[in-house]
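The chain contents come next:
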Number of protein chains: 2
Amino acid sequence: MRQCLGMPRAIDLMHQAFAALSQGEVTAPQRTKISSDQGTMLYKPALLPAAGIFVVKSVSVFPGNVTQKLPVTTGILLVNDATTGLPLALMDAEYLTALRTGAAAGLACRLLANPNSRQGALFGTGGQAYQQLQGLLCALPLDEVFVFSRHKEHAEVFCRDHSQASSPCRLIPNPDRNRLHECQVISTATTSLTPVFQDLEIAAGTHINGIGSFMPTMAEVPAETVCRATVIVDQRSSCLNEAGDLRQPMDQGLLPASFCPAELGEILSGEKVGRRSPEELTFFKSVGNAAQDVVCAAEVLRQAEATGIGTTIEI
Amino acid sequence: MRQCLGMPRAIDLMHQAFAALSQGEVTAPQRTKISSDQGTMLYKPALLPAAGIFVVKSVSVFPGNVTQKLPVTTGILLVNDATTGLPLALMDAEYLTALRTGAAAGLACRLLANPNSRQGALFGTGGQAYQQLQGLLCALPLDEVFVFSRHKEHAEVFCRDHSQASSPCRLIPNPDRNRLHECQVISTATTSLTPVFQDLEIAAGTHINGIGSFMPTMAEVPAETVCRATVIVDQRSSCLNEAGDLRQPMDQGLLPASFCPAELGEILSGEKVGRRSPEELTFFKSVGNAAQDVVCAAEVLRQAEATGIGTTIEI
């Protein structure tokens, strides 16, 4: 998978994904959820005719697996041809999901962050963090990225593990909190229920990517920050329903019920405007969507076929 | 797949499937359907805790494939562990679907047909036909099976191809229509929109399995036959909604709106009674359900693991 698709190309593919999403070209019915006593399976099918494929992502979420040292989350993508219906490929969804999520943040940075951003911050060092970092580094000429984690040692390990791949940008674990004010770009990739920074820590002109909060009970960014920012979302319907970062200020009356943030695809098409001035605060909120999966899966398949990577199985 | 699970064991497994189905132990949300210009994908997930697995069946239906000599229908089953969520296996759904459909008919024959049935009839020679025949032969001591097809040559080819495997029962293609009246058991496995026989052709005491009609527009069995028969279904909700064999007489007022046929699982549990006399006409209508897939997939996986059949793949 890694040989077939890396961050630079994935960011390009996000143009296609978000344009298709905002133009209603993606068919992605609501996911189906089934729970056993121990956990939940989520089945998310989608079709993007332009990509030539159907994709269904089958994701398991079994929190108790932690105690058995098994993965809490696994994912498998099944790809079928949009013209013949024939099954084409089976892919691990873990790398692809992290990559496309990082690529969305990268595209948002290209479109919304101040292009001369030199300092960045990353909150969270879990499964999404490395691709979030890659998204930032591909999009902006960063000299330093400050890495924050609730567990200081996790930030240290993360920076040690990824410093070489991030060079010449320096990764700095657990810096003095004051340094957050120097950052022109911040990505949050945590499962936090409460904001991971305070509004007064954020300087004017900063661009924030929030990819962690995907349920109404979760929030990474303070309501005050959300309210003073220009908010851009991956998909309005899902973000306004699912993301606590937006849902909570709306429910508290801090944002109007008519709150209607632009979609990234609408900025790509020129229909809406993103950043208007260097001093503006911008916030890209993403809960992720099937269009991103489909364009990435199509590219992985193309590359795998072109280069002979992968295994042909008979069933 | 064939080495792992054959008809006799599949019929036994249908006891478990239909009992679980009627006792509400199967979680099977409505299938998700997505269509491209050329065809449709159907995604059907299910959980049966007693079988220890989740299953999602991804089926393609692309009618135009016929002109390219590609399969109109393909199916893939993904199996996840109910306790850990981990992906366990990927299976071709084609054989499994035909097998479990034939096994349901076989179980219905055991429970509902006159046990001394010697003559049978099979309508249809398509993808389901061979396993329908197997279901009949496993359940009843048949001497002859009359094979009917709209295309006489299809019946001839079918009988030639399967005569050896069906011995000592004789397969007779396109017999004189009068012989249908000799049959004590009939299976219909066609995509017909209109009944494949007339009511007066059916003798008292006959048991009929109908597995072809799965949409309200389709019907294989005449309304008169349905109305004079004791009707048993695999699952009430799906059969009364989807099967034209039942839907059409209900819509025409030939069956009451309160029509409430027994489920096979209710007969297994003794909650309801099937055949009451040798003269009674019985009709088992099946549209198929996820419980059948899950129990068969679980058994295939057990056997494959026990015997080392199958391929381990890394993704």
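Residues numbered from 1 in each chain as written. Chains lettered and ligands numbered in written order. Predicted model: local features only at pLDDT ≥ 70, side-chain atom pairs only at ≥ 80, totals over all residues.

1. Focus on the relation of the copies chain B and chain A
Part 1 of the argument: You can overlay chain B on chain A at an RMSD of 0.1 Å; the transform is a turn of 180° with a shift of 0.0 Å along its axis. What the rotation and shift describe, once combined, is the action of a two-fold rotation axis.
Part 2 of the argument: Both copies contact each other with a shared surface, as 100% of the interface residues of chain B are interface residues in chain A too. (Least-squares fit on C-alpha atoms with pLDDT ≥ 70 in both. Contact = placed C-beta atoms within 7 Å.)

2. Some words on the domain arrangement of chain A
Residues and elements named next belong to chain A.
Part 1 of the argument: Parsing chain A into structural domains produces domain 1 (7-96 + 291-307) and domain 2 (106-289).
Part 2 of the argument: Each of domain 1 and domain 2 has a C-alpha centre, and the two are 23 Å apart.
Part 3 of the argument: On the domain 2 side, the residues contacting the 13 residues of domain 1 number 16 residues.
Part 4 of the argument: Elements represented by at least two residues in the side of domain 1 that touches domain 2 include exactly helix H1 (7-22) and helix H9 (290-307).
Part 5 of the argument: Among the elements that line the side of domain 1 that touches domain 2, the one with the most residues is H1, at nine residues.
Part 6 of the argument: For the side of domain 1 that touches domain 2, the class distribution of residues is nine nonpolar, four polar and no charged. (Domains from an automatic or database assignment. Helix = DSSP H or I, 4+ residues; strand = E, 2+ residues; numbered from the N terminus. Nonpolar A, V, L, I, M, F, W, Y, C, P; charged D, E, K, R; others polar.)

3. Side note on unusual backbone geometry
Part 1 of the argument: Each neighbour pair has its own omega, and for A:Ser167 with A:Pro168 the value is 10°, a cis peptide bond.
Part 2 of the argument: When you line up the elements, A:Pro168 lands in the loop between helix H4 (152-166) and strand E8 (170-173).
Part 3 of the argument: Even without being a glycine, A:Lys69 presents a positive backbone phi close to 55°.
Part 4 of the argument: Tracing the chain through its elements places A:Lys69 in the loop between strand E3 (53-61) and strand E4 (73-81).
Part 5 of the argument: Phi at B:Asn174 is positive, roughly 45°, even though this residue is not glycine.
Part 6 of the argument: Relative to the helices and strands, B:Asn174 resides in the loop between strand E8 (170-173) and strand E9 (185-188).

4. As for helix H4 (residues 152-166) of chain B
Residues and elements named next belong to chain B.
Part 1 of the argument: The first and last C-alpha atoms of H4 sit 20 Å apart over 15 residues, in line with the 21 Å expected at 1.5 Å per residue.
Part 2 of the argument: A maximum bend of about 35° is found in H4 at arginine 160.
Part 3 of the argument: All of the buried residues in H4 are Ala155, Phe158 and Cys159.
Part 4 of the argument: In this structure, the buried residues of H4 make contact with helix H3 (129-139), strand E7 (144-148) and E8. (Expected span 1.5 Å × (residues − 1). Bend = angle between axes of the 7 residues up to and from the residue. Buried ≥ 20, exposed ≤ 12 C-beta atoms within 10 Å, placed from the backbone.)

5. Things to note about the sheet that holds strand E11 (residues 230-233) of chain B
All names here are of chain B.
Part 1 of the argument: As summarised here, the arrangement of the eight strands in space is E8-E7-E6-E9-E10-E13-E11-E12, forming an open sheet in which the pairing is parallel. Two strands close off the open sheet at either side, each with one partner strand: E8 and strand E12 (262-263).
Part 2 of the argument: Strand direction decides the pairing type here: strand E10 (residues 207-210) and strand E13 (residues 282-285), joined by four bridges, are parallel. Counterpart to histidine 207 in the pairing with E13 is threonine 282.
Part 3 of the argument: H4 contacts E7 and E8 of the sheet and is inclined by roughly 175° relative to E8. (Pairing = 2+ DSSP bridges. Axes fitted to C-alpha atoms, helices over the stretch in contact; angles between N-to-C directions.)

6. Observations regarding the nonpolar core
One recurring pattern in soluble globular proteins: nonpolar side chains tend to sit buried together.
Part 1 of the argument: Within the largest apolar cluster, 203 residues are counted, with the highest numbers of intra-cluster contacts made by A:Val294, A:Ala297, B:Val294 and B:Ala297.
Part 2 of the argument: Those residues in contact with B:Val294, other than ones at most four positions away along the chain, are B:Ala46, B:Leu48, B:Ala51, B:Ile53 and B:Val55. (Core = buried A, V, L, I, M, F, W, Y, C linked by C-beta atoms within 7 Å.)

7. Regarding the interface of chain B and chain A
Often the size quoted for an interface is simply the accessible area lost on bringing the parts together.
Part 1 of the argument: Counting residues at the interface gives 36 residues for chain B, matched by 36 residues for chain A.
Part 2 of the argument: Among the elements of the structure, strand E1 (32-35), strand E2 (40-48), strand E3 (53-61), strand E4 (73-81) and strand E5 (87-92) of chain B are those that each provide at least two residues to the side of chain B that touches chain A.
Part 3 of the argument: Counting residues per element, the side of chain B that touches chain A draws most heavily on E3(B), which supplies five residues.
Part 4 of the argument: For the side of chain B that touches chain A, the per-class residue count stands at 21 nonpolar, 14 polar and one charged.

8. Here's the deal with the packing of helix H1 (residues 7-22) of chain B against H3(B)
All names here are of chain B.
Part 1 of the argument: Between H1 and H3, the shortest axis-to-axis distance is 10 Å and the interhelical angle comes to 85°. By the angle between their axes, H1 is roughly perpendicular relative to H3. Residues Met7, Pro8 and Ile11 of H1 pack against Gln134, Gly135, Cys138 and Ala139 of H3. (Parallel < 35°, antiparallel > 145°, perpendicular 65-115°, else oblique.)

9. Thoughts on helix H7 (residues 244-251) of chain A
Residues and elements named next belong to chain A.
Part 1 of the argument: Burial runs high along H7: six of the eight residues are buried.
Part 2 of the argument: Of the residues making up H7, those classed as buried are Gly244, Asp245, Leu246, Arg247, Gln248 and Pro249.
Part 3 of the argument: In the core, the buried residues of H7 are packed alongside strand E10 (207-210), helix H5 (223-228), helix H6 (236-242) and strand E13 (282-285).
Part 4 of the argument: One or two positions beyond H7, positive phi appears at glycine 253, with a value near 75°.

10. A few points about the sheet that holds E8(A)
Across a sheet, strands are paired by hydrogen bonds formed along the backbone, either parallel or antiparallel in direction.
Residues and elements named next belong to chain A.
Part 1 of the argument: Reading across the sheet, the eight strands line up as E8-E7-E6-E9-E10-E13-E11-E12 and stay open at both edges, with parallel pairing between neighbours. The open sheet has two edge strands with one neighbour each: E8 and strand E12 (262-263).
Part 2 of the argument: Of the strand pairs in this sheet, strand E7 (residues 144-148) and E8 are connected by four bridges, and their pairing is parallel. The residue bridging glutamate 144 from the neighbouring strand is arginine 170, located in E8.

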